[in-house]
Amino acid sequence: MHDELRLDNQVCFRLYTASRLIIQAYTPFLSKLGITYPQYLVLMVLWEQDQLPVNDIAHRLHLETNTVTPLLQRMEKQGIVVRQRGETDKRQQIVSLTDKGRTMEEEAVRIIPEGMGKRLAPCPLKLDDYTTLNQDLDNIINTLK
């Protein structure tokens, strides 16, 4: 057995497992809002800046447009966002929050940070550790993209 191929020596396995478990931990809170984790990511982008082209949302999430479009279609059916043709470029679709989508931000801020904080409270990481972890993960993402 080659040590470099041992599962326990793989950073990628830990990242995959942590990602899966974090998304699983978010699920009960997101269920209260009636959304999935990928939809939550789209909403966070739009809460930061409303009325964005689909391409900008996809770029911000490090996803392809054809991955984001079905999410947006489901969110539009739920009444969370609307998509309209761009005024200057008719090929471009601009995504905007509806009143329901904007209201969801207030609901989310009320339940998600506190809920996830409680869920992660037993973890020995401190706030500075999470900041460093974010920077390290950004470095990995930027190197690989």
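You'll find the structure just up there.
*Asks:* Report on the pattern of salt bridges, specifying residues and quantitative values.
*Replies:* Throughout the structure, instances matching the rule amount to 5 salt bridges. The partner of Asp99 in a salt bridge is Arg102, with the nearest N and O atoms 3.1 Å apart. On the criterion of helical spacing, the pair formed by Asp99 and Arg102 is a turn pair, its members being 3 residues apart in helix α5 (residues 99-120). Residue classification places Asp99 among the exposed residues on the basis of a relative accessible area of 57%. Arg102 gets classed as partly exposed once you look at its relative accessible area, which sits at 39%. Ionic pairing is found between Lys118 and Glu114, a salt bridge with its closest N-O pair at 3.2 Å. Taken as a pair, Lys118 and Glu114 lie in helix α5 at a separation of 4 residues, close to a single helical turn. Take Lys118: its relative accessible area is 59%, and that puts it in the exposed class. One salt-bridge network, held together by shared partners, links Asp50, Asp99 and Arg102.

*Asks:* I'd like to hear about a nonpolar patch on the surface, residue by residue, with values.
*Replies:* The grouping of Val11, Leu15, Ile140 and Leu144 at the surface amounts to a nonpolar patch, some 380 Å² of accessible area in total. Secondary-structure elements contributing two or more residues to the nonpolar patch are α1 (11-33) and α6 (127-144). On the basis of relative accessible area, Leu144 is assigned to the exposed category, the value being 70%.

*Asks:* Hey, could you go over the pairing of strand β3 (residues 93-97) for me, with residue numbers and the actual values?
*Replies:* Among the 5 residues in β3, 4 count as buried, and that is most of the element. As judged from the 2 bridges shared by strand β1 (residues 52-53) and β3, these two strands associate in the antiparallel manner. Residue pairing across strands places Pro53 opposite Ile94, the latter belonging to β3.

*Asks:* Describe α5, naming the residues involved and giving the relevant values.
*Replies:* Between its first and last C-alpha atoms α5 spans 31 Å; for 22 residues at 1.5 Å apiece the expected length is 32 Å, and the two agree. By the largest-angle criterion, Ala108 marks the main kink of α5, which is about 40°. Within α5, burial applies to Gly101, Met104, Ala108, Ile111, Ile112, Gly115 and Met116. Here the buried face of α5 lies against α1, α2 (37-48) and β3.

*Asks:* Explain the nonpolar core to me, using residue names and the numbers behind them.
*Replies:* If you look at the biggest cluster of nonpolar residues, it comprises 30 residues, and the most contacted ones within it are Ile57 and Ile112. Secondary structure elements with two or more residues in this core: α1, α2, α3 (54-60), α4 (65-77), β3 and α5.

*Asks:* Before we move on, can you summarise the sheet that holds β3 with the specific residues and values?
*Replies:* With antiparallel pairing, 3 strands are arranged side by side in an open sheet as β1-β3-β2. Of all the strands in the sheet, the pair left with one neighbour each is β1 and β2 (81-85). Bridge analysis of β2 against β3 gives 5 bridges, and the strand direction is antiparallel. Note that in β3 the partner of Val81 across the bridge is Leu97. Together, β1, β2 and β3 form the strand contacts of α2, whose direction differs from that of β3 by roughly 85°.

Procedures and definitions
Residues numbered from 1 in each chain as written. Predicted model: local features only at pLDDT ≥ 70, side-chain atom pairs only at ≥ 80, totals over all residues. Heavy atoms only, no water. Salt bridge = Lys/Arg side-chain N within 4 Å of Asp/Glu carboxyl O. Helix = DSSP H or I, 4+ residues; strand = E, 2+ residues; numbered from the N terminus. Buried < 20%, exposed > 50% of the residue type's maximum accessible area, 1.4 Å probe, protein only. Patch = residues over 30% accessible without salt bridge, like charges linked within 9 Å, V, L, I, M, F, W, Y side chains within 5 Å. Areas by Shrake-Rupley, 256 points an atom, 1.4 Å probe, with all protein chains shown as cover. Pairing = 2+ DSSP bridges. Expected span 1.5 Å × (residues − 1). Bend = angle between axes of the 7 residues up to and from the residue. Contact = heavy atoms within 4.5 Å. Core = buried A, V, L, I, M, F, W, Y, C linked by side-chain atoms within 4.5 Å. Axes fitted to C-alpha atoms, helices over the stretch in contact; angles between N-to-C directions.

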